[in-house]
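Structure assessment
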Amino acid sequence: MLPLRIFISSVQGEFATERAALRDYVHDDPLIRRFFEVFLFEDVPASDQRPEQLYLDEVERCDVYVGLLGTDYGNEDDAGVSPTEREFECATVVGAHRLIFLKSVSGERHPKMQALVRRAEAGLVRKRFVTQAELVAGLYAALVEFLENKELLRWGPFDASPCANATIDDLDFERMAQFVRTARSVRQFPLPEGTPASQLLAHMNLLDNGQLTNAAVLLFGKSPQRLLISSEVRCAHFHGTEVAKPIPSYQVYKGTAFELVDQAVDFVLGKINRRIGVRTESARAPRSYEIPVEVVTEAIVNAVAHRDYTDNGSVQVMLFADRLEVRNPGRLPPPLTLEKLREAHRSVPGNPLLGEALYLTEYIERMGTGTLDMIRRCVEAGLPEPEFAVTDGFVTTIWRATGLDHEMARIDGPAVGGATPTELATLQEGIQQSQAARHQGVQAGVQAGVQAGVQDSLDAREAAMLRACAAGDAPSKALQAAAGYVGRTRSFEQRLGALLAKGLLAMTIPDRPRSPAQRYRLTDSGRNALDSDSGGRKMN
């Protein structure tokens, strides 16, 4: 949203101090400056345009006209009218929102100023002031009321506010149907499949007096960024440890909140080191990432779910040689502090409607455990604890594994993705030596353990994903649809990774896991797992 323009009018020289105070206040106040900018003739550079016409042009452009009326009337033109009165008349004609502040004086006002005051009093509510502090307080109250009347300022959360110009035609009904299927499957969502869009929106509190809310557009919009421009996510990859050009990889992602998370997570996972384990029955060996997938996902989900959407900034995901930084516009909501993020705390969502939908699709939990889970998983992976800071927005820093000894101590196979060719060769040599020493025990244990434990851990959604590949190689979207997922969610990634690691599914293009042509193939072990569950019952 472009700033609303305030034109402050007064007899030149009479209210110079007060005018400057109002300008500085609007510029410095953290709330008001988001919406307004001030025009003062004192700030105009030299120009060949007549001052009177320049000021009237600015009045025509302004959204709010502020008139400061005192005792003087000002210099009169040939028609006997002062610039102050001309500006008042112009604001009236163009329909600007007029705010009149009348200085209480002990002496007499100029007769023409007295007449102007009477004209203003006849059609406007004017406020009297004595001190500069009273004037500033009066302007603040008037501007807040203006924003409320325009529905630009609401006391409720942003995601519950109506989305200007949004209609039901801006929503994707298939996404809404997929959401219901997923929410029913993973969170026992009460609405049945086939629920009309209007009923789903009402149930999820995504309507405000019949108007679509911002949350409705962010969750189910065909093109959310058309209506909410700054809701995109910007991702960048740097080879060094500082922001520097050229940027090797830079992407701006658009879409629903679900799609933003999925795309940003894929961006990071495609750039960090991957570890390939021992191959068993599958042509595709199990793999893990130098930063746990759950940690990457949690940081990005938090940024998308809790950011301040009234800020014109975007979520930024920046991958450096030594760390991952996820930045989002906003601050911690009270009573949360940086210290409380490292201990058990209640969930305080900045956008509760958005958070509810992400919870219903297993993107987040509502118990305030997200940051604690990130800390625990990083420690378990041998990484330093994540860092949280509030600087220019909220910043989550996740440190990457650094140092060759650290990599070799933890790796189960060759690293790919972020390592240099020299590092890869050195790592491969050490890995082959360690694998040769333990290969016999691993091979004997895994062969029996995987087959015996596969059925024990196979759930209904994993079975559905396997069935999607039973008739032939299938893309990830087919697996998502079969299991009732809304896109490539965190839960889907976890289940798909588990099926690959257990050798039940295999990639058709194992060397390019993120290829658009990637398909998934059911292995012999996968077919056996579909025949019966752990108790020998048929899985239909």
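Residues numbered from 1 in each chain as written. Predicted model: local features only at pLDDT ≥ 70, side-chain atom pairs only at ≥ 80, totals over all residues. Heavy atoms only, no water.

**Structural notes on the overall build of the chain**
- Regarding its fold elements, the chain presents 19 helices and 18 strands.
- Expressed as a percentage of its 540 residues, the buried residues of the chain come to 47%.
- In the chain, the share of contacts with a sequence separation of at least 24, taken over all contacts with a separation of at least 6, comes to 66%.
- Total accessible area on the chain stands at roughly 25,900 Å², and carbon and sulfur atoms take up 51% of it. (Helix = DSSP H or I, 4+ residues; strand = E, 2+ residues; numbered from the N terminus. Buried < 20%, exposed > 50% of the residue type's maximum accessible area, 1.4 Å probe, protein only. Contact = heavy atoms within 4.5 Å. Areas by Shrake-Rupley, 256 points an atom, 1.4 Å probe, with all protein chains shown as cover.)

**Re the packing of aromatic side chains**
- Enumeration according to the criterion identifies 15 aromatic pairs in this entry.
- Ring centres of Phe179 and Phe258 lie 6.4 Å apart, and the angle between their planes is 40 degrees; this geometry places the pair in the tilted category. Note that Phe179 is positioned in helix H6 (residues 173-187) and Phe258 in helix H10 (residues 257-269), a separation of 79 residues in sequence. In this pair, the class of Phe179 matches that of Phe258, namely buried.
- What links up through ring pairs into an aromatic cluster is the set Phe7, Phe39, Tyr55, Tyr65 and Phe88.
- Taking NZ or CZ as reference, Lys271 lies 4.4 Å from the ring centre of Phe267, over its face. (Phe/Tyr/Trp six-rings, centres within 6.5 Å; stacked < 30°, edge-to-face > 60°. Lys NZ or Arg CZ within 6 Å of the ring centre and 35° of its normal.)

**With respect to the sheet that holds strand S2 (residues 36-39)**
- If you trace the five strands from one edge of the open sheet to the other, you get S2-S1-S3-S4-S5, paired in parallel fashion. Bordering the open sheet on either side are S2 and strand S5 (126-129), each of which pairs with just one other strand. Neighbour-to-neighbour, the strand axes of the sheet open up by a mean angle of 25 degrees, direction not taken into account.
- Across six bridges, strand S3 (residues 64-69) lies against strand S4 (residues 97-103) in parallel orientation. (Pairing = 2+ DSSP bridges. Axes fitted to C-alpha atoms, helices over the stretch in contact; angles between N-to-C directions.)

**Some words on the nonpolar core**
- One finds Phe179, Phe189, Leu206, Ile300, Val317 and Leu324 to be the most contacted residues of the largest nonpolar core, which totals 70 residues.
- For this core, the leading source of residues is H10, giving nine residues.
- The next biggest cluster of nonpolar side chains, apart from the first, holds 27 residues, and it includes Leu139, Leu143, Leu147 and Leu153. (Core = buried A, V, L, I, M, F, W, Y, C linked by side-chain atoms within 4.5 Å.)

**As for the pairing of strand S12 (residues 315-319)**
- Among the five residues of S12, four are classified as buried, and the element is accordingly described as predominantly covered.
- Sheet analysis places strand S8 (residues 233-237) next to S12, joined by five bridges and oriented parallel. Residue pairing across strands places Arg234 opposite Gln316, the latter belonging to S12.
- What sits between S12 and strand S13 (residues 323-328) in their antiparallel hairpin is a turn of three residues.

**Points about the environment of Val136**
- Its location among the elements puts Val136 in helix H5 (residues 132-149).
- Not counting the four nearest positions on each side in its chain, Val136 is found in contact with Leu22 and Tyr25.

**What to know about the layout of surface pockets**
- There is about 860 Å³ of room inside the second largest pocket.
- If you go around the second largest pocket, you meet 27 residues; those closest to its centre are Ser476, Lys477, Gln480, Gly487 and Arg488.
- Of all the secondary structure elements, the ones that give two or more residues to the lining of the second largest pocket are H6, H10 and helix H17 (476-483).
- Considering each element in turn, the lining of the second largest pocket owes the most residues, five residues, to H10.
- In terms of residue class, the lining of the second largest pocket is made up of ten nonpolar, eight polar and nine charged. (1 Å grid on protein atoms, 1.4 Å probe; cavity = no way out; pocket = protein on both sides within 12 Å on 5 of 7 lines; lining within 4 Å. Points joined across faces, edges and corners; volume = space filled by probe spheres on them. Nonpolar A, V, L, I, M, F, W, Y, C, P; charged D, E, K, R; others polar.)

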